[in-house]
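Listed below are the residues making up each chain.
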Amino acid sequence: MKKSYLFLCVCAALVQSICSCSNDDPSTDSIDKRVALILPSGTTVSRWADDAHYLIASLESYGYEPTIYTADETQDGAEKQVKQLEEALNAGYTHFIITPIDYSAINKSNLLQNHKDCDFICYDRMIMNNDAVDYFVTCNLDRIGEMQAQFLLQNFRASGKESMTIEYFAGPETDINALSFFNSAYNLLSSQNFTVQSGKTSYSDVALDSWSEEDARKEMLARLETIEVPDLILAPNDNVATGVIFALIEKGYITDFPVITGQDLTEQACINIRAGRQAMSIYKENQTMAGNAAIVVNSFISGNPVKTGKTFNNGAINVPVFYSEVSLVTIDNIDQVANIDKYID
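What this report covers is the structure whose coordinates are included nearby. Values in this document were obtained by computation on a predicted structure and should not be read as measured data.

### Let's talk about the overall build of the protein chain
- A count of helices and strands for the protein chain gives twelve helices and 13 strands.
- Classification of the 345 residues of the protein chain by burial places 53% in the buried group.
- Across the protein chain, contacts joining residues at least 24 apart in sequence account for 74% of those joining residues at least 6 apart.
- Total accessible area on the protein chain stands at roughly 14900 Å², and carbon and sulfur atoms take up 47% of it.

Written as structure tokens, this is what we have:
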């Protein structure tokens, strides 16, 4: 992580140099240094607390003044997030980093469309079908699903079995990332000699109501009423993996767990991986991603938006995108990744 922090500092210095934004420039006194962070709370998915910390630290390293607004990942939280966005706009904020809880709720408000003079940067999740989005800072979403699928395929091939059973889980329809994760994984897995005992194979069949552990636990318990424990489970993130694991434990399953995927490398996922209950997690290097978001914000404020040559089509426009790397974490390398200090002040 110290290496990532050093990379952030170097990138920050480089972009500041390119944009000729110097503290010695008297014109910088007139720059609005306030940045509104519109994020989910860490109540459902714990990683958001980390992202908030990294974003604040990264923006402050440029001399900006971030204000954070958070809401729970519920329907009420989605409505609250719209009110927070409106509140920040009314307070005169013009620079935004947004992770939507429900992008459709933001679209219905027309707040972005009515304030195209502001800079709207989506972080980790895209606001789809909206031509007012200026930038997207994220990881390669399709790559994450592919990595999870490839991991399951490797375990299938290593088993020497001619066929295996598999169950699919996916995140809620309010998060467009969930569809990307599922489709990219399913495209690789659906052609294999797998049996889906529950018969649930479409995204609409396997999408949970939320990213909560409890929704995943209930769904797994419901399936276990009619199916045997499968060999493989595609869980899109660690919350879903943990809910599935809790359901298995509740049913008396103690050892020889299925091969279960995950994402985010939460504290509970580290416990599950070390205990042999979860096979892997995808670590989004969110400290680096937060640093990339700060680079993008600084480039907009400096009047020279950073160019990566890559775009993400959100259904309305091709949005410039800044991708961060992801890492596969298993029992073999978890100690090197998970034992690194989270916060570097």
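### Regarding the packing of aromatic side chains
- Inspection of the entire model under this criterion finds ten aromatic pairs.
- Where Phe 136 meets Phe 312, the ring centres are 5.1 Å apart and the plane angle is 70°; that geometry is what we call edge-to-face. Of this pair, Phe 136 sits in strand 5 (residues 135–139) while Phe 312 is found in strand 11 (residues 311–313), placing the two residues 176 residues apart along the sequence. Neither residue differs from the other here; Phe 136 and Phe 312 are each classed as buried.

### As for the sheet that holds strand 8 (residues 232–234)
- Taken together, the four strands give an open sheet; going across it, the order is 7-6-8-9, and neighbouring strands pair in parallel fashion. For this open sheet the edge positions go to strand 7 (194–195) and strand 9 (259–260), each flanked by a neighbour on one side alone.

### Digging into helix 6 (residues 176–189)
- Compared with an ideal rise of 1.5 Å per residue, which puts 14 residues at 20 Å, helix 6 spans 20 Å between its outermost C-alpha atoms and is within 8% of the ideal.
- Within helix 6, the full set of buried residues consists of Ile 176, Asn 177, Ala 178, Ser 180, Phe 181, Phe 182, Ser 184, Ala 185 and Leu 189.
- For helix 6, the side-chain oxygen to backbone nitrogen distance between the N-cap and Asn 177 is 2.9 Å, and the N-cap itself is Asp 175.

### Quick word on the environment of Gln 81
- When you line up the elements, Gln 81 lands in helix 3 (residues 75–90).
- Linking Gln 81 and Ala 105, residues 24 residues apart in sequence, is a C-alpha distance of 8.9 Å.
- Contact partners of Gln 81, with chain neighbours within four places excluded, come to Ile 38, Leu 39, Pro 40, Ala 71, Thr 99, Pro 100, Ile 101, Asp 102 and Ile 106.

### Digging into the sheet that holds strand 4 (residues 119–123)
- The mixed open sheet is built from seven strands, whose spatial order is 2-1-3-4-5-12-11. Every other strand in the sheet has two partners, leaving strand 2 (65–71) and strand 11 as the edge strands with one partner each. Across the sheet, the mean angle from the axis of one strand to that of its neighbour is 25°, orientation sign disregarded.
- With four bridges connecting them, strand 3 (residues 95–98) and strand 4 associate as parallel partners. By the bridge assignment for strand 4, His 95 is matched with Asp 119.

### Some remarks on the pattern of salt bridges
- If you walk through the whole model with that rule in mind, you get 17 salt bridges.
- Here Arg 125 makes a salt bridge to Asp 175, at a shortest N to O gap of 3.0 Å. One end of the pair, Arg 125, is in the loop between strand 4 and strand 5; the other, Asp 175, is in the loop between strand 6 (164–168) and helix 6, with 50 residues separating them in the sequence.

### Comments concerning the pairing of strand 5
- Within strand 5, five of the five residues are buried, leaving the element largely enclosed by the surrounding structure.
- Side chains Tyr 135, Val 137 and Cys 139 project from strand 5 onto one buried face, and the interleaved Phe 136 and Thr 138 project onto a second face that is buried too.
- Strand direction decides the pairing type here: strand 4 and strand 5, joined by three bridges, are parallel. Looking across to strand 5, one finds that Cys 122 is bridged to Phe 136.
- Here four bridges tie strand 5 to strand 12 (residues 318–324), and the two strands are oriented parallel to one another. Looking at strand 12, one finds that Phe 136 is bridged to Val 321.

### Overview of the environment of Tyr 168
- Checked against the element boundaries, Tyr 168 lands in strand 6.
- What makes Tyr 168 buried here is its relative accessible area of 2%.
- Tyr 168 sits 28 residues away from Val 196 along the chain, and the two C-alpha atoms are 8.2 Å apart.
- Aside from chain neighbours lying at most four places away, what touches Tyr 168 is Phe 182, Tyr 186, Leu 189, Ser 190, Val 196, Lys 200, Thr 201, Val 206, Arg 223 and Leu 234.

### With respect to empty space enclosed by the protein
- For the structure shown, the criterion picks out four cavities of 30 Å³ or more.
- Here the largest cavity is characterised by a volume of approximately 100 Å³.
- Forming the boundary of the largest cavity are 13 residues, of which Arg 47, Arg 125, Trp 211, Asp 264 and Lys 284 lie nearest the centre.
- Elements represented by at least two residues in the lining of the largest cavity include exactly helix 2 (47–60) and helix 6.
- Per-class residue counts for the lining of the largest cavity are four nonpolar, three polar and six charged.

### A short note on helix 10 (residues 267–274)
- Where helix 10 is concerned, the buried positions are Ala 269, Cys 270, Asn 272 and Ile 273. Down the axis of helix 10, the buried set is contained in an arc of 165°. They therefore lie on one face.
- Among the structural elements, helix 9 (238–250), strand 10 (281–284), strand 13 (326–329) and helix 12 (334–338) are those in contact with the buried residues of helix 10.
- One or two residues past the end of helix 10 sits Gly 276, with phi positive at roughly 80°.

Rules of the game
- Residues numbered from 1 in each chain as written.
- Predicted model: local features only at pLDDT ≥ 70, side-chain atom pairs only at ≥ 80, totals over all residues.
- Heavy atoms only, no water.
- Helix = DSSP H or I, 4+ residues; strand = E, 2+ residues; numbered from the N terminus.
- Buried < 20%, exposed > 50% of the residue type's maximum accessible area, 1.4 Å probe, protein only.
- Contact = heavy atoms within 4.5 Å.
- Areas by Shrake-Rupley, 256 points an atom, 1.4 Å probe, with all protein chains shown as cover.
- Phe/Tyr/Trp six-rings, centres within 6.5 Å; stacked < 30°, edge-to-face > 60°.
- Pairing = 2+ DSSP bridges.
- Expected span 1.5 Å × (residues − 1).
- Polar contact = N/O pair within 3.5 Å; in protein donor to acceptor, adjacent residues only side chain to side chain.
- Axes fitted to C-alpha atoms, helices over the stretch in contact; angles between N-to-C directions.
- Salt bridge = Lys/Arg side-chain N within 4 Å of Asp/Glu carboxyl O.
- 1 Å grid on protein atoms, 1.4 Å probe; cavity = no way out; pocket = protein on both sides within 12 Å on 5 of 7 lines; lining within 4 Å.
- Points joined across faces, edges and corners; volume = space filled by probe spheres on them.
- Nonpolar A, V, L, I, M, F, W, Y, C, P; charged D, E, K, R; others polar.
- Arc of directions from axis to C-beta.

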